[in-house]
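What the coordinates show
Here are the chains, one letter per residue:
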Amino acid sequence: MTTDTSAGPRPFAFRDYECFTFDRRDRVLTISINRPEAMNAVNARLHEEFSRVFTDAAHDPDSDIIVLTGHGRAFCAGGDINWMQEHIDVPGEFERTGVEAKRIVFSQLDLEKPLICRLNGHATGLGATIALMCDIIIASDKARIGDPHVSVGLVAGDGGAVIWPQLIGFARAKEFLLTGDLLTAPRAAEIGLINRAVPADQLDAEVYALADRLAGGATKAIRWTKTATNIALKQLAHSMMDACIGYESMSNLTEDHKEAVAAFRDKRKPVFTGR
């Protein structure tokens, strides 16, 4: 990825982040998830930072277009297994997580600046939700995407139940949400889940050609067209997210979730009992 960091230090709004890096290319701001050693899996710190990064991007005076991507081989591998164990051990922590989860979705949809997802690698669970909530998703053809919440005994409550049916219809969305199956990027593009999949060595060219085109356009018209288009999706998200987070919070207390986390650590297949 070619970036220009010669403009000097980060704006104040971005100085207290540990799990993101920020790079500028004229009026295009690239925000990169920066936990490559963990496949950019979401822990408590990254989740909290996600809950405010889109608001800070909205207030950034030096950008008109936002590109969201990940460092390393993955875009975002969903929830970190150690963080899941923390929620099992201290269920009350899920209250704060639920509030943050709503902020992530709402702030992402409220962002007026076009948000392009540079899907450099696998996106699962919350990572898939965040990718799909972007305005335009361009993926490496090597990437895979899916929401395997159910595979770890959790409800897909962090936004997956909101966005998947809007992109590919209820029948297909329920098949993928209820099985947790992953799709290749070319298949995801074929069914309309993402915009397009391109060869990995062409990803930057595709993403930044579009970003530059939008940055050179009529900024206010583009922003407000996005805002108008997002009205129905924002209404839907606000009507659903409380229930979605509530159901996910309940699933955090189940024996099946505890078993799934234990099985992941033991490198074995979980044995679910429906409890």
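Residues numbered from 1 in each chain as written. Predicted model: local features only at pLDDT ≥ 70, side-chain atom pairs only at ≥ 80, totals over all residues. Heavy atoms only, no water.

Turning our attention to the overall build of the chain. Helix and strand counts for the chain stand at 11 helices and nine strands. By the compact-globule yardstick of 19 Å for 275 residues, the chain fits well, its C-alpha radius of gyration being 18 Å. For the C-alpha atoms alone, the extent of the chain along its principal axes is close to 55 × 40 × 35 Å. For the chain, the proportion of its 275 residues judged to be buried stands at 51%. Partitioning the contacts of the chain with sequence separation of at least 6, the portion at a separation of at least 24 is 72%. Roughly 12,500 Å² of accessible area belongs to the chain as shown, and the carbon and sulfur atoms make up 54% of that amount. The averaged location of the 37 negative side-chain charges in the chain is 2 Å from the averaged location of its 31 positive side-chain charges. (Helix = DSSP H or I, 4+ residues; strand = E, 2+ residues; numbered from the N terminus. Rg over C-alpha atoms; globule rule 2.2 N^0.38 Å. Buried < 20%, exposed > 50% of the residue type's maximum accessible area, 1.4 Å probe, protein only. Contact = heavy atoms within 4.5 Å. Areas by Shrake-Rupley, 256 points an atom, 1.4 Å probe, with all protein chains shown as cover. Lys, Arg positive; Asp, Glu negative; His and termini not counted. Charge placed at Lys NZ, Arg CZ, Asp CG, Glu CD.)

Another aspect to go through is the layout of surface pockets. For the largest pocket, the calculated volume is near 740 Å³. Taken together, 37 residues form the lining of the largest pocket, with Ala-77, Gly-78, Gly-79, Met-84 and Val-152 sitting closest to its centre. When contributions to the lining of the largest pocket are tallied by element, the ones reaching two or more residues are α2 (81-89), α3 (93-110), α10 (231-251) and α11 (255-266). Tallied by class, residues from the lining of the largest pocket come to 19 nonpolar, 13 polar and five charged. A volume near 370 Å³ is recorded for the second largest pocket. Of all the elements in the fold, those that place two or more residues in the lining of the second largest pocket are β4 (115-119), β6 (136-140), α5 (160-168) and α9 (219-229). Looking at side-chain class alone, the lining of the second largest pocket contains 15 nonpolar, six polar and two charged residues. (1 Å grid on protein atoms, 1.4 Å probe; cavity = no way out; pocket = protein on both sides within 12 Å on 5 of 7 lines; lining within 4 Å. Points joined across faces, edges and corners; volume = space filled by probe spheres on them. Nonpolar A, V, L, I, M, F, W, Y, C, P; charged D, E, K, R; others polar.)

This part is about the pairing of strand β2 (residues 28-33). For a regular strand, the rule is simple: side chains alternate between the two faces of the sheet. When you tally the buried positions in β2, you get six out of six residues, the bulk of the element. Burial of β2 is two-sided: the residues Val-28, Thr-30 and Ser-32 facing one way and the residues Leu-29, Ile-31 and Ile-33 facing the other way are all buried. In this sheet, β2 lies alongside strand β1 (residues 20-25) in antiparallel orientation, the contact comprising six bridges. Residue pairing for β2: Arg-24 is matched across the bridge by Leu-29. In this antiparallel pair of consecutive strands, β1 and β2, the connection spans two residues, and Asp-26 shows a positive phi of 55°. With six bridges joining them, β2 and strand β3 (residues 65-70) adopt parallel strand pairing. Bridge pairing in β3 places Leu-29 opposite Ile-66. Crossover β2 to β3 through helix α1 (residues 44-59) is right-handed. (Pairing = 2+ DSSP bridges. Right-handed = clockwise from strand over helix to strand, strands pointing away.)

Okay, the sheet that holds strand β5 (residues 123-124) next. Strands belonging to one sheet form pairs held by backbone hydrogen bonds; the direction of such a pair is parallel or antiparallel. With mixed pairing, the three strands of this open sheet are ordered in space as β5-β7-β8. Looking at strand neighbours, the two that pair on one side only are β5 and β8 (183-184), the edges of this open sheet. Bridging between β5 and strand β7 (residues 144-146) involves two bridges; their strand directions are parallel. For Ala-123, the partnering residue across the bridge sits in β7 and is Ile-145.

Right, let's get into the packing of α2 against α11. It is the contact of α2 with α11, at a shortest axis distance of 10 Å, that shows an interaxial angle of 145°. Here α2 and α11 pass one another in a crossing that is left-handed. The residues of α11 that touch α2, namely those facing Ile-81, Asn-82, Met-84, Gln-85 and Ile-88, are His-257, Lys-258, Val-261, Phe-264 and Arg-265. (Axes fitted to C-alpha atoms, helices over the stretch in contact; angles between N-to-C directions. Left-handed = near helix turned anticlockwise from the far one by under 90°.)

What describes a pair of aromatic rings is the distance from one ring centre to the other and the angle between the planes of the rings. The final tally for this structure, using the stated rule, is eight aromatic pairs. Linked through ring pairs, Phe-14, Tyr-17, Phe-20, Phe-22, Phe-50 and Phe-54 together constitute an aromatic cluster. A cation over an aromatic ring shows up here: Arg-52 above the ring of Tyr-17, its NZ or CZ 4.3 Å from the ring centre. (Phe/Tyr/Trp six-rings, centres within 6.5 Å; stacked < 30°, edge-to-face > 60°. Lys NZ or Arg CZ within 6 Å of the ring centre and 35° of its normal.)

Along the chain, Lys-226 turns up in helix α9. We classify Lys-226 as buried; its relative accessible area is 10%. Spatially, the C-alpha atoms of Lys-226 and Glu-112 are 6.7 Å apart, while their sequence positions differ by 114 residues. Lys-226 has contacts with Gln-108, Leu-111, Glu-112, Lys-113, Pro-114, Leu-115 and Asp-135, leaving out every residue within four places of it along the chain.

With respect to the helices, strands and loops of the structure, Gly-125 is situated in the loop between β5 and α4 (126-132). Along the backbone, Gly-125 and Cys-76 are 49 residues apart, and their C-alpha atoms lie at a distance of 8.4 Å. With residues near it in sequence (within four places) discarded, Gly-125 still touches Gly-146, Asp-147, Pro-148 and His-149.

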